[in-house]
Amino acid sequence: MSGFIERAKTTCALGGALVTISSLPRAIPVVHASGGCAQTLSAAYNLGGAYKGADYCSGTMTPTSNIIEKNIVFGGEDRLEEQIEHTIKVMDGDLYFVVTGCQVEIIGDDAQSVAGRFKGGKYPVLCASTPGFAGNGFKGYDLVLSTLAADFISPKAKKDKKTVNILGIMPGQDVFCRGNISNIVQLLGKLGIKANSFFGDGETIAKIREYGGAGLNIVFSEKHGLQAAQTFEEKHGMPYITTDLPIGDTGTENFLRKIADPLEIKDVDLETVINEERKYYYSYFQRFLEIYGDIDLQRYAIVSADINYAYPLVSFLSEDLGWIPHLVVINEELDDFSRKKYEKKYKNITSLAKPKLVFEQNTGQLLKHIKESWPQNRNDKYYNALSPAFLIGSSLEAGTAQKVGAGFLPVVFPVTNRAVLNKGYTGYRGALTLAEDIFSALVANR
């Protein structure tokens, strides 16, 4: 064994699958696993996702086979079939989606075959193999969307070049999922691009079934959502591009210029939207500049986040706010090739001070990395401290921020000391909200 992860910032694959399904409009998960898995994993995201709460049918409402000892000994397929039948009978939904836990996968239950018995019925019943040992929560997200792309979404011979599917922004794991999606949809709409989001406002299962007509998939991650995008490419002939989560002027402009060619956006339209949004964006910073300088709101920036958020946050803090990027701790493991590719992004930061980059899954090790990144005070008469500093991470890092005397804002999962409804940090306007939250944290005790 390679050991355990101390205070992991995600769940197992089943948890990711569960929160993904329950975030789809009127989709109902059917969990084939031991009693406790469904409720515990739902609670992790419902609470840790900044009190995201239960969606249409999750939390304590989640249908589950609750297998027991006799099912482990003699098999649990009959129990699953019974659970699917009863769920369809009593739960009003548009899509039923079976996901599996570790126990039933170990004993060899064929959940795919059981779900297949309902093929051709009044309601669609899908199935994905999502045992905890398949990976983390992001893996569960990818498995669910890949299943939708392979087994549910209708193939379309004709593609609409002005329609895209949004991938890589996982509900629950991205605490600001719906707000982030909403900001991106509105931004693309200004360029005449329609965006399908799976989880955004106004989506339905019937609309998702027609996603095969999109001309492009945009994956807002270098890793998560790629499996789904590759399934779309294989089954629907739909290309994809990857991009960073666009936060702030620098990040959003890079994003818009990256999608301009594949979406055949005219230069004049692109420049018009960028200039209009930038004008709006800086009009708010302009009036804030005097205060920013007078009370000195510049900080050393420390970011502890997953790969989806780490670089966009550092880019925003450094390029847009003018902060000093000091330390970035990535709470995920990447293979050597992906790690080197990800590290290259940080060369785009124009600050003379480049951040130290560390890959560390154990959240509790952040304090050690901060201490190693800065010379310690050896009772010197004069000591240049790492101050003032500001830490952006999850609620798990609140104690570390207090120990090093840094300002603090929890942004990435888990977030348990903020409640988030429709707030998002993407785009120009979302970045204004992020700036508000950061500056509010700095002046909260005045």
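Before reading further, recall that the structure is shown in the block above.
These lines cover the structure that appears in this document, whether it is placed above or below. Counting restarts for each chain, with residues numbered from 1 along the sequence as it is written. At least 70 in pLDDT is required for a residue's local features to be given in this predicted model, at least 80 for side-chain atom pairs to be given and counted, and no such filter applies to totals for whole chains, interfaces and linings, which use all residues. Only hydrogens and water are set aside when side-chain values are computed; all heavy atoms of the structure are taken into account.

1. Observations regarding the overall build of the protein chain
Here comes step 1: Put simply, DSSP H or I for four residues or longer makes a helix, DSSP E for two residues or longer makes a strand, and each gets a number counted from the N terminus. The secondary structure content of the protein chain amounts to 17 helices and 12 strands.
Here comes step 2: Just to be clear, the radius of gyration here is over C-alpha atoms, and the globule rule we use is 2.2 Å times residues to the power 0.38. For 446 residues, the compact-globule estimate of 2.2 N^0.38 gives 22 Å, and the C-alpha radius of gyration of the protein chain, at 23 Å, lies within 12% of that figure.
Here comes step 3: For the protein chain, the spread of C-alpha atoms along the principal axes amounts to about 75 × 55 × 40 Å.
Here comes step 4: Across the 446 residues of the protein chain, 54% fall into the buried class.
Here comes step 5: A total of about 19,900 Å² of accessible surface is found on the protein chain, and carbon and sulfur atoms cover 51% of it.
Here comes step 6: Positive and negative charge centroids in the protein chain, built from 47 and 50 side chains respectively, lie 2 Å apart. The buried label applies to any residue whose accessible area, calculated with a 1.4 Å probe on protein chains only, is under 20% of its type's maximum; exposed applies above 50%, and partly exposed to all values in between. For the accessible areas, the method is Shrake-Rupley and the probe is 1.4 Å, while residue cover comes only from the protein chains on display. Here the positive residues are Lys and Arg and the negative ones are Asp and Glu; neither His nor the chain ends is included. By convention, the charge on Lys lies at NZ, on Arg at CZ, on Asp at CG and on Glu at CD.

2. Notes on the layout of surface pockets
Here comes step 1: In this model, the largest pocket occupies a volume close to 490 Å³.
Here comes step 2: Put plainly, a pocket is an open set of points on a 1 Å grid over the protein atoms alone with protein on both sides within 12 Å along at least five of seven lines, a cavity is a set where a 1.4 Å probe fits but cannot get out, and a lining residue has an atom within 4 Å of a point. Every residue lining the largest pocket is counted, 28 residues in all, and those nearest its centre are Glu222, Thr243, Asp244, Tyr311 and Lys345.
Here comes step 3: Throughout, the ten residues Ala, Val, Leu, Ile, Met, Phe, Trp, Tyr, Cys and Pro are labelled nonpolar, Asp, Glu, Lys and Arg are labelled charged, and all others, Gly among them, are labelled polar. Among the residues forming the lining of the largest pocket, the class breakdown is 11 nonpolar, 8 polar and 9 charged. Grid points are joined across faces, edges and corners, and a volume is the space filled by probe spheres set on the points.

3. Details of a nonpolar patch on the surface
Here comes step 1: On the surface, a cluster of nonpolar side chains totalling about 670 Å² of accessible area is made up of Ile72, Val73, Phe74, Ile106, Ile107 and Phe133.
Here comes step 2: Going through the elements one at a time, helix H3 (69-74) and helix H5 (102-107) are the ones with two or more residues in the nonpolar patch.
Here comes step 3: Sort the elements by how many residues they give to the nonpolar patch and H3 lands first, with 3 residues.
Here comes step 4: Note on placement: Ile106 falls in helix H5. What makes a patch is a set of residues exposed beyond 30% relative accessible area and free of salt bridges, joined within 9 Å when like-charged and within 5 Å when nonpolar (Val, Leu, Ile, Met, Phe, Trp, Tyr). Salt bridges are defined as contacts in which a side-chain nitrogen from Lys or Arg sits within 4 Å of a carboxyl oxygen from Asp or Glu.

4. Quick notes on the packing of aromatic side chains
Here comes step 1: When two rings of Phe, Tyr or Trp (its six-membered ring) have centres within 6.5 Å they constitute a pair, described as stacked for plane angles under 30 degrees, edge-to-face for angles over 60, and tilted for the intermediate range. Evaluation of the coordinates by the stated rule reveals 17 aromatic pairs.
Here comes step 2: For the ring pair Tyr281 and Tyr428, a centre distance of 5.7 Å and an interplane angle of 75° mean the geometry is edge-to-face. In this pair, Tyr281 sits in helix H12 (residues 267-294) while Tyr428 sits in helix H17 (residues 427-443), placing the two residues 147 residues apart along the sequence. Grouping residues by exposure puts Tyr281 and Tyr428 together as buried.

5. Some points on unusual backbone geometry
Here comes step 1: Between Ser387 and the following residue, Pro388, the backbone shows a cis peptide bond with an omega angle of 0°.
Here comes step 2: Topologically, Pro388 is positioned in the loop between helix H15 (366-372) and strand S11 (389-393).
Here comes step 3: Following Phe413, the chain continues into Pro414 via a peptide bond in cis, with omega recorded as -5°.
Here comes step 4: In this fold, Pro414 is placed in the loop between strand S12 (407-410) and H17.
Here comes step 5: If you check the backbone angles, Ala50 has positive phi at about 55° while not being a glycine.
Here comes step 6: A positive phi angle is found at Phe198, which is not glycine, with a value near 70°.

6. Considering the pattern of salt bridges
Here comes step 1: Scanning the entire structure with this criterion turns up 23 salt bridges.
Here comes step 2: Residue Arg429 pairs with Glu277 through a salt bridge whose shortest N-O separation is 3.2 Å. Residue Arg429 is located in helix H17, and its partner Glu277 is located in helix H12; the two are separated by 152 residues in the primary sequence.
Here comes step 3: Judged by its relative accessible area of 4%, Glu277 is buried.
Here comes step 4: Within this structure, Asp249, Glu253, Arg257, Glu271 and Arg278 form a network of salt bridges that share partners.

7. Things to note about the pairing of strand S6 (residues 214-219)
Here comes step 1: Taken across its 6 residues, S6 has 5 buried, putting it largely inside the fold.
Here comes step 2: Strand pairing is assigned whenever DSSP identifies at least 2 bridges connecting the two strands. By the bridge criterion, 5 bridges tie strand S4 (residues 160-167) to S6 in an arrangement that is parallel. Bridge pairing in S6 places Val164 opposite Leu216.
Here comes step 3: Pairing of S6 with strand S7 (residues 240-242), which is carried by 3 bridges, proceeds in the parallel orientation.

8. A closer look at the sheet that holds strand S1 (residues 27-32)
Here comes step 1: Spatially, S1-S2-S3 is the arrangement adopted by the 3 strands of the open sheet, whose pairing is parallel. In this open sheet, the two strands that pair with only one neighbour each are S1 and strand S3 (125-128). In this sheet, adjacent strand axes meet at a mean angle of 25° when their direction is disregarded.
Here comes step 2: In this sheet, S3 lies alongside strand S2 (residues 95-100) in parallel orientation, the contact comprising 4 bridges. Each residue of the ladder has a partner; that of Phe97, found in S3, is Leu126.
Here comes step 3: Sheet strands in contact with helix H4 (residues 77-90) are S1, S2 and S3, and its direction is about 160° off that of S1.
Here comes step 4: We call two residues contacting when some pair of their heavy atoms lies within 4.5 Å. Interaxial angles span 0 to 180 degrees and are taken between N-to-C directions of axes, which are lines fitted to C-alpha atoms, for helices over the stretch in contact. Helix H7 (residues 137-151) contacts S2 and S3 of the sheet and is inclined by roughly 135° relative to S3.

9. Overview of helix H11 (residues 248-260)
Here comes step 1: Each helix should span, by expectation, one fewer than its residue count multiplied by 1.5 Å. Look at H11: 18 Å from first C-alpha to last across 13 residues, which is about the 18 Å you get at 1.5 Å a residue.
Here comes step 2: All buried positions along H11 are accounted for by Gly248, Asp249, Gly251, Thr252, Glu253, Phe255, Leu256, Ile259 and Ala260.
Here comes step 3: Where H11 is buried, its residues meet helix H8 (177-189), S6, S7, H12, helix H13 (307-320) and H17.

10. A word on empty space enclosed by the protein
Here comes step 1: Evaluated as defined, the whole model comprises 3 cavities of 30 Å³ or more.
Here comes step 2: A volume near 70 Å³ is recorded for the largest cavity.
Here comes step 3: Taken together, Phe138, Gly168, Ile169, Met170, Gln173, Asp174, Phe220, Leu245, Asp306, Asn308 and Tyr309 make up the full set of residues lining the largest cavity.
Here comes step 4: Among the residues making up the lining of the largest cavity, the classes are represented as 6 nonpolar, 3 polar and 2 charged.

Read these as spatial facts, not as claims about activity.
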